[in-house]
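What follows is each chain in one-letter form.
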Amino acid sequence: QYNMAEVNDMMKRKLVFQVSKKKKQSSKKNSKDVEVDFSTFIKELEVNDYFDGSFDEDTLDNIYSFYAKYEIIDIAKKHQVTGYSKYNKKDLIPYVIEYILKEEPMKRYFHFMHDSEIEAFEDAMQEDAYIPSEQDDEYEYEYLYSGGYCGMDSEFGIVIPNEVARAYKKIDTKAFHKKRKRLSLIGSYLNAANNLYAITSTKILIDMFNQNEKEELTEEELLAVYNEIKPCRCDFTYIDGMFVENK
């Protein structure tokens, strides 16, 4: 049995899409075990003074130059980039950037952003916008950061590089946002159910969705959404009709 009040409350509090705050072992170089973490990166910058006052060019290339190679590989994996293993860090940076700014990869990733994240992203895109990274809604940028679409300037403000803003404007259509709202809603149910129960059958999840939403969800659509969300925003695995929380 599932408690719809709990599910609805979790979704209202937006816990379904928050990035895990688990501490990352920075000494590990295996990208399988380490992913780019927004809050951890801020602390590392404060401790190690990576920018040393010289960060004056807000481009993805410059932002990525401060990342370790395994962090860039993690971004590549979230976008299902192939062929990255043959590159050194210097050559890997433009290779990954070129791919994630393409229309289809960007659409796939942005499809799972909820409305408040899109709003925060568009606010940060405005000319002369300054969004302090330590403000209360910093988690609104964690998914963008994890996907390699934003960074921080020398004063730890959120930076949306111009090339990201230009690429977004190409996909910023009514049709895109209609699909985004649908996919992110289904993704919310997937994450909410597994955060609450750890193991959830497709039948329970579909029943849960169809009891609360006007446009019905089918198993075919649910599994298609799972396959899309799996690389970028998913802490569970589909096994024999069940969604099982990853350990």
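For clarity, every value in this text was computed on a predicted model and none was experimentally measured.

> So what about the overall build of the protein chain? Which residues, and what values?
Of regular secondary structure, the protein chain possesses 12 helices and five strands. For the protein chain, buried positions account for 47% of its 247 residues. Of the contacts made within the protein chain by residues no fewer than 6 positions apart, 67% connect residues no fewer than 24 positions apart.

> Just give me the short version of the packing of aromatic side chains, but keep the residues and values in it.
Ring pairs (aromatic) are described by centroid distance and by the angle formed between their planes. All told, the structure shown has 15 aromatic pairs when counted by the stated rule. Each ring, one from Tyr 67 and one from Tyr 145, has its centre 6.1 Å from the other, and the planes form 75°; the classification is edge-to-face. One end of the pair, Tyr 67, is in the loop between α3 (60-64) and α4 (69-78); the other, Tyr 145, is in helix α8 (residues 142-146), with 78 residues separating them in the sequence. What makes Tyr 67 buried here is its relative accessible area of 1%.

> Explain the sheet that holds strand β3 (residues 199-201) to me, using residue names and the numbers behind them.
Strand pairs in the sheet, formed through backbone hydrogen bonds, run parallel or antiparallel to each other. Judged by pairing direction, the sheet is antiparallel, and its three strands sit side by side in the order β3-β5-β4 without closing on themselves. In this open sheet, the two edge strands, each paired with only one partner strand, are β3 and β4 (236-239). Sheet twist, expressed as the average angle between the axes of neighbouring strands with direction ignored, equals 20°. Bridge count for β4 against strand β5 (residues 242-245) is four bridges, and the pairing is antiparallel. What sits directly across from Thr 237, in β5, is Val 244. Helix α10 (residues 174-197) contacts β3, β4 and β5 of the sheet and is inclined by roughly 130° relative to β3. Each of β4 and β5 touches helix α12 (residues 219-229); the most contacted strand, β4, lies at about 135° to it.

> Account for the packing of α10 against α12, with residues named and values stated.
Where α10 contacts α12, the axes come no closer than 10 Å and their chain directions differ by 90°. In terms of orientation, α10 and α12 fall into the roughly perpendicular class. Residues Arg 182, Leu 183, Ile 186, Gly 187, Leu 190 and Asn 191 of α10 touch α12, and the partners they reach there are Glu 221, Leu 222, Val 225, Tyr 226, Glu 228 and Ile 229. Residue classes in the contact of α10 with α12 are distributed as seven nonpolar, two polar and three charged.

> Which residues make up unusual backbone geometry, and what values do they have?
The phi torsion at Gln 80 lies on the positive side, around 60°, for a residue other than glycine. For Gln 80, the location among the structural elements is in the loop between α4 and α5 (89-100). The residue Asp 240 is not glycine, and still its phi comes out positive at about 50°. The exposure class assigned to Asp 240 is exposed, which follows from its relative accessible area of 74%.

> Outline the pairing of β5, supporting the account with residue identities and numerical values.
One ladder, built from three bridges, connects β3 with β5; its direction is antiparallel. Counterpart to Ser 201 in the pairing with β5 is Met 242. The antiparallel pairing of β4 with β5 creates a hairpin that spans two residues between the two strands, and Asp 240 there sits at a positive phi of about 50°.

> Go over the confidence of the model for the protein chain, please, and point to the residues and values.
The predicted model of the protein chain averages 80 in pLDDT, with 70% of residues at 70 or higher. Long-range and interchain partners of residues 7-34, a stretch whose pLDDT sits below 50, account for 57 contacts in this model, where long-range means more than four residues apart.

> I'd like a rundown of α4, residues and numbers included.
Burial within α4 is extensive, with eight of its 10 residues counted as buried. Every buried residue of α4 is accounted for by Tyr 70, Glu 71, Ile 72, Ile 73, Asp 74, Ile 75, Ala 76 and Lys 78. As for α4, its buried residues are in contact with α3, α5, α6 (103-110) and α8. After α4 finishes, the residue Gln 80 shows a positive phi value of roughly 60°.

> Describe the nonpolar core, listing the residues and the values that go with them.
Ranked by internal contacts, the top residues of the largest apolar core, which has 57 residues, are Tyr 64, Phe 110 and Leu 190. Broken down by element, the residue count for this core peaks at six residues, all from α10.

> Explain the pattern of salt bridges to me, using residue names and the numbers behind them.
Overall, the coordinates contain eight salt bridges when judged by the stated rule. Residues Arg 233 and Glu 117 are paired through a salt bridge, measuring 2.7 Å at the closest nitrogen-oxygen approach. Pair noted here: Arg 233 is in the loop between α12 and β4 and Glu 117 is in helix α7 (residues 115-125), with a separation of 116 residues, a long-range link. On the basis of relative accessibility, which here comes to 1%, the residue Glu 117 falls in the buried class. Residue Glu 221 is joined to Arg 182 by a salt bridge in which the shortest nitrogen-to-oxygen separation is 2.8 Å. Taken together, the residues span a long stretch of sequence, with Glu 221 in helix α12 and Arg 182 in helix α10 at a distance of 39 residues. Relative accessible area serves as the criterion here: at 23%, Glu 221 is assigned to the partly exposed category.

So, how was this worked out
Residues numbered from 1 in each chain as written. Predicted model: local features only at pLDDT ≥ 70, side-chain atom pairs only at ≥ 80, totals over all residues. Heavy atoms only, no water. Helix = DSSP H or I, 4+ residues; strand = E, 2+ residues; numbered from the N terminus. Buried < 20%, exposed > 50% of the residue type's maximum accessible area, 1.4 Å probe, protein only. Contact = heavy atoms within 4.5 Å. Phe/Tyr/Trp six-rings, centres within 6.5 Å; stacked < 30°, edge-to-face > 60°. Pairing = 2+ DSSP bridges. Axes fitted to C-alpha atoms, helices over the stretch in contact; angles between N-to-C directions. Parallel < 35°, antiparallel > 145°, perpendicular 65-115°, else oblique. Nonpolar A, V, L, I, M, F, W, Y, C, P; charged D, E, K, R; others polar. pLDDT = per-residue confidence, 0-100. Core = buried A, V, L, I, M, F, W, Y, C linked by side-chain atoms within 4.5 Å. Salt bridge = Lys/Arg side-chain N within 4 Å of Asp/Glu carboxyl O.

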